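What follows is the residue order along each chain.
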Amino acid sequence: AAGIPVKERVKVSQNWRHGRCRRETVLKWKCKQVAPFSAAFLMPWMELDGEYLYLSQAENIQAYRLCPDGTGLQRHPQAIFSGHQEDVCRFVLVNSHIVSGGGDGTIVLHKIHGSYSVKFSAHEQEVNCVDFQGGLIVSGSRDRTAKVWSLSAGRVGQCLHTVQTEDRVWSIAISPLLSSFVTGTACCGHTSPLRIWDLESGQLLTCLGTDFHHGAGVLDVFYETPSLLLSCGYDTYIRYWDIRTSTRKCIQEWEEPHDSALYCVRSDKNHMIASGSSYYGVVRLWDKRQTRCLQSFHLSSPTSSPVYCLRFSTTHLYAALASALHVLDFTA
């Protein structure tokens, strides 16, 4: 919000609250015609930094420059990061590095400004999720393990710990304190889909929540602070955890009103949460101070697509669906 005049900030804030925005489909790509959730189904992921939007499309990650006048992004990528033999499942952008996990079981590290890249074989099956902080990578896989990897000089790609999760790992995140990491699993082989592990020893520290239904897999996790964590997934709930007060019960929860699985969740680390649903490209905005959804946007019809990933800035929200990238501009 820095550099935006107060009057404009108030207007933009009101636009978010009332759902006033300009919608645009800024990129389209061919969707693979295969069954959902098969390894070949295209599930784009993205990250934002100040000037660029990074988007995975099949086995590549492409960097698109955001237009300075706020009118979306330039249609041709400024850079392409490759290295995987199969689709990129997830990637993170941290400190000018991109770390990605692929359907080929490998992890690839790229330095954004330069030709430096490292690739190593990480899992026996696809790497569903990765995170990268403080010289360590954590990864989670369909092979029912999570692993911790070193990136320190002379030990790049060395596996420090292998955690047996007894379940496919869908989501993973390192705590901002760099002392632990959380895994979100499928909740099929193990009754607790949210578990926190010690980063140094790989030992289980705690399970979050109780009485999850079979199949209530956690598809996305997001740390706001070292003790505040958001999760969402197949059981249609966004949950807000405060690890300081209770690991058994979340402090707040919001239910997706149309009983759809939730693929992704993000917050502004203040009052606003955005979530992406599994049907008809539905993006919902939530206010933590209210129980009901603040606004909803249907981005895909007549064909139905999940919102695989969403990111937002002060003024724009970007949503990646099966075959297109949509942007909501709240400066309108």
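Per an unreviewed UniProt entry, the protein is named F-box/WD repeat-containing protein 4, and its organism is Opisthocomus hoazin.

Draft legend 1. Just the overall build of the protein, in detail. Check the secondary structure of the protein and you find one helix and 28 strands. The C-alpha atoms of the protein give a radius of gyration of 19 Å, which matches the 20 Å a tight globule of 332 residues would have. Dimensions of the protein, computed from C-alpha atoms along their principal axes, come out at roughly 50 × 45 × 40 Å. Counting only residues that meet the buried cut, the protein has 55% of its 332 residues in that class. When the accessible surface of the protein is split by element, carbon and sulfur atoms take 49% of a total near 14800 Å².

Draft legend 2. Representation of the packing of aromatic side chains in the model. Under the defined criterion, the tally for this structure stands at eight aromatic pairs. Look at tyrosine 52 and tyrosine 54: their rings are 6.2 Å apart centre to centre, the planes differ by 45°, and that puts the pair in the tilted class. On the accessibility criterion, tyrosine 54 (3% relative accessible area) is buried. Plain terms: the ring middles of tyrosine 263 and tyrosine 308 are 5.4 Å apart, the flat faces sit at 70° to each other, and that makes the pair edge-to-face. One end of the pair, tyrosine 263, is in strand β22 (residues 262–267); the other, tyrosine 308, is in the loop between β25 (293–298) and β26 (309–312), with 45 residues separating them in the sequence. Pair check on accessibility: tyrosine 263 and tyrosine 308 agree, each one buried. Site record: aromatic cluster; members linked through ring pairs are Trp16, Phe297, Phe312 and Phe330. Over the ring of tryptophan 45 we find arginine 90, and its NZ or CZ is 3.9 Å from the ring centre.

Draft legend 3. Summary view of the pattern of salt bridges. Going through the model one piece at a time under the given rule, you end up with 14 salt bridges. A salt bridge links aspartate 220 to arginine 90, with the shortest nitrogen-to-oxygen separation between them at 4.0 Å. Here aspartate 220, found in strand β18 (residues 218–223), pairs with arginine 90, found in strand β6 (residues 88–94); they are 130 residues apart in sequence, far enough to count as distant. One network of salt bridges, in which partners are shared, links Arg17, Asp287 and Arg289.

Draft legend 4. View of the environment of tryptophan 197. With respect to the secondary-structure elements, tryptophan 197 resides in strand β16 (residues 194–198). Classification of tryptophan 197 by relative accessible area gives buried; the value is 6%. Residues tryptophan 197 and tyrosine 54, spaced 143 residues apart in sequence, show a C-alpha to C-alpha distance of 29 Å. Apart from the residues lying within four places of it in its own chain, the contact partners of tryptophan 197 are Val163, Gln164, Thr165, Ser179, Ser180, Phe181, Thr183, Gly202, Gln203, Leu204 and Leu205. Among the polar contacts made by the side chain of tryptophan 197, one reaches the side chain of threonine 183 at a distance of 2.9 Å.

Draft legend 5. Looking closely at the nonpolar core. Ranked by size, the top nonpolar core spans 25 residues in total, and within it Met46, Leu53, Tyr54, Leu55, Leu73, Ile98 and Leu325 carry the most contacts. In terms of residue count, the dominant contributor to this core is strand β3 (residues 52–57) (four residues). Counting contributing residues, this core receives three or more from each of domain 1 (1–24 + 276–331) and domain 2 (25–36 + 43–275). Leave out the neighbours within four places in its chain, and leucine 325 touches Glu24, Thr25, Val26, Leu27, Trp29, Met46, Leu53, Leu73, Tyr318, Ala319 and Ala320. Ranked by size, the runner-up nonpolar core spans 17 residues in total, among them Val12, Phe297, Ala319 and Phe330.

Draft legend 6. Here's a closer look at the sheet that holds strand β19 (residues 228–233). With antiparallel pairing, the four strands of this open sheet are ordered in space as β18-β19-β20-β21. With partners counted over all chains shown, the strands left at the sheet margins are β18 and β21 (252–255), one partner each. Going from strand to strand, the sheet's axes swing by 15° on average, the running direction of each strand aside.

Draft legend 7. Structural view of the UniProt feature "repeat: WD" (unreviewed entry) in the protein. Mapped onto the present numbering, the UniProt feature "repeat: WD" (unreviewed entry) falls on residues 120–155. Taken end to end, residues 120–155 is 0% helix and 58% strand, and its two terminal C-alpha atoms sit 12 Å from one another.

Draft legend 8. Spatial organisation of the side chain of asparagine 15. If you trace the backbone, asparagine 15 turns up in helix α1 (residues 6–18). Here the side chain of asparagine 15 touches phenylalanine 330 through a polar contact of 2.8 Å, landing on its backbone oxygen. Apart from residues no more than four positions distant in its own chain, asparagine 15 is found in contact with Arg20, Phe330, Thr331 and Ala332.

Draft legend 9. Here's a closer look at the domain arrangement of the protein. Once the domains are mapped, the protein shows domain 1 (1–24 + 276–331) and domain 2 (25–36 + 43–275). Between the C-alpha centres of domain 1 and domain 2 the distance comes to 21 Å. Surface buried jointly by domain 1 and domain 2 totals about 3700 Å² across both partners, of which 62% is contributed by carbon and sulfur atoms. The largest share of the area that domain 1 buries against domain 2 comes from Trp286, Lys288 and Arg311, three residues that together contribute 26% of it. Scanning the region where domain 1 abuts domain 2 turns up four salt bridges. Residues glutamate 47 and arginine 311 are paired through a salt bridge, measuring 3.3 Å at the closest nitrogen-oxygen approach. Our count for the domain 1 to domain 2 interface comes out at 23 residue pairs in polar contact (both at pLDDT 80 or more). Taken together, the elements giving at least two residues each to the side of domain 1 that touches domain 2 come down to β1 (22–28), β23 (272–277), β24 (282–287), β26, β27 (316–320) and β28 (324–329).

Thresholds, definitions, all that
Residues numbered from 1 in each chain as written. Predicted model: local features only at pLDDT ≥ 70, side-chain atom pairs only at ≥ 80, totals over all residues. Heavy atoms only, no water. Helix = DSSP H or I, 4+ residues; strand = E, 2+ residues; numbered from the N terminus. Rg over C-alpha atoms; globule rule 2.2 N^0.38 Å. Buried < 20%, exposed > 50% of the residue type's maximum accessible area, 1.4 Å probe, protein only. Areas by Shrake-Rupley, 256 points an atom, 1.4 Å probe, with all protein chains shown as cover. Phe/Tyr/Trp six-rings, centres within 6.5 Å; stacked < 30°, edge-to-face > 60°. Lys NZ or Arg CZ within 6 Å of the ring centre and 35° of its normal. Salt bridge = Lys/Arg side-chain N within 4 Å of Asp/Glu carboxyl O. Contact = heavy atoms within 4.5 Å. Polar contact = N/O pair within 3.5 Å; in protein donor to acceptor, adjacent residues only side chain to side chain. Core = buried A, V, L, I, M, F, W, Y, C linked by side-chain atoms within 4.5 Å. Domains from an automatic or database assignment. Pairing = 2+ DSSP bridges. Axes fitted to C-alpha atoms, helices over the stretch in contact; angles between N-to-C directions. UniProt positions renumbered as here; feature names shortened; annotations may be inferred. Buried area = accessible area lost by both parts, 1.4 Å probe.

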